[in-house]
Amino acid sequence: IEGHNADIVAMAISPDGKKLATGARSSSVRIWELATGKKLYGFPVDDEVNSVVFSPNGEIVAAGIGTILENSITEIILFDVKKGKELRKLVGHSK
């Protein structure tokens, strides 16, 4: 799977095993189809991605955003996997 412009630092496989979510230092979250390696969606974010996780039903991906070297997550962004859009930002975390 190719497509990020920097190191991939987080990844998660959907509960049904059909999709992969990746997060990179290039400030992006991407959703991939595992069977083909095709990028389904790409989401730009404001800072580095620390973590990604699928919801139990596989319909939402949550991404922890913040500076990796400082090991801080300053916001969490929720993405709708079926519609390929950002649902909401949860802001308020700090170092």
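Now for a description of the structure that goes with this document. Counting from 1, residues in each chain are numbered in the order their sequence is written. Side-chain atom pairs in this predicted model are given and counted only at pLDDT of 80 or more, local residue features only at pLDDT of at least 70, and totals for whole chains, interfaces and linings cover all residues. The side-chain figures draw on all heavy atoms in the structure; neither hydrogens nor water molecules are used.

1. Some details on the sheet that holds strand β3 (residues 28-33)
Definition in use: Any two strands are treated as partners once DSSP identifies two or more bridges connecting them. A helix here means a DSSP run of H or I that spans at least four residues, while a strand means a run of E at least two residues long, and both kinds are numbered starting from the N terminus. Axes here refer to lines fitted to C-alpha atoms; in helices the fit is confined to the stretch in contact. Angles between the N-to-C directions go from 0 to 180 degrees.
Strands sit in the order β1-β2-β3-β4 across an open sheet of four strands; the sheet is antiparallel. Whereas interior strands pair on both sides, the edge strands pair on one side only; in this sheet they are β1 (8-13) and β4 (39-44). The average undirected angle you get between the axes of adjacent strands in this sheet is 15°. When β3 meets β4, the two strands line up antiparallel, connected through five bridges. Within β4, the residue paired with Val-29 across the bridge is Phe-43.

2. What about the packing of aromatic side chains?
Short version of the rule: Centre distance within 6.5 Å is the pairing criterion for rings of Phe, Tyr and Trp, where only the six-membered ring of Trp is used; planes under 30 degrees apart are then read as stacked, over 60 as edge-to-face, and the remainder as tilted.
Evaluation of the coordinates by the stated rule reveals two aromatic pairs. Every member of this aromatic cluster is reached through a ring pair, and the members are Tyr-41, Phe-43 and Phe-79.

3. A few points about the pattern of salt bridges
Test applied: The term salt bridge refers to a pairing of a side-chain nitrogen on Lys or Arg with a carboxyl oxygen on Asp or Glu at a separation within 4 Å.
For the structure on display, the rule yields two salt bridges. Residues Lys-89 and Asp-46 are paired through a salt bridge, measuring 3.4 Å at the closest nitrogen-oxygen approach. One end of the pair, Lys-89, is in strand β8 (residues 85-91); the other, Asp-46, is in the loop between β4 and β5 (49-54), with 43 residues separating them in the sequence.

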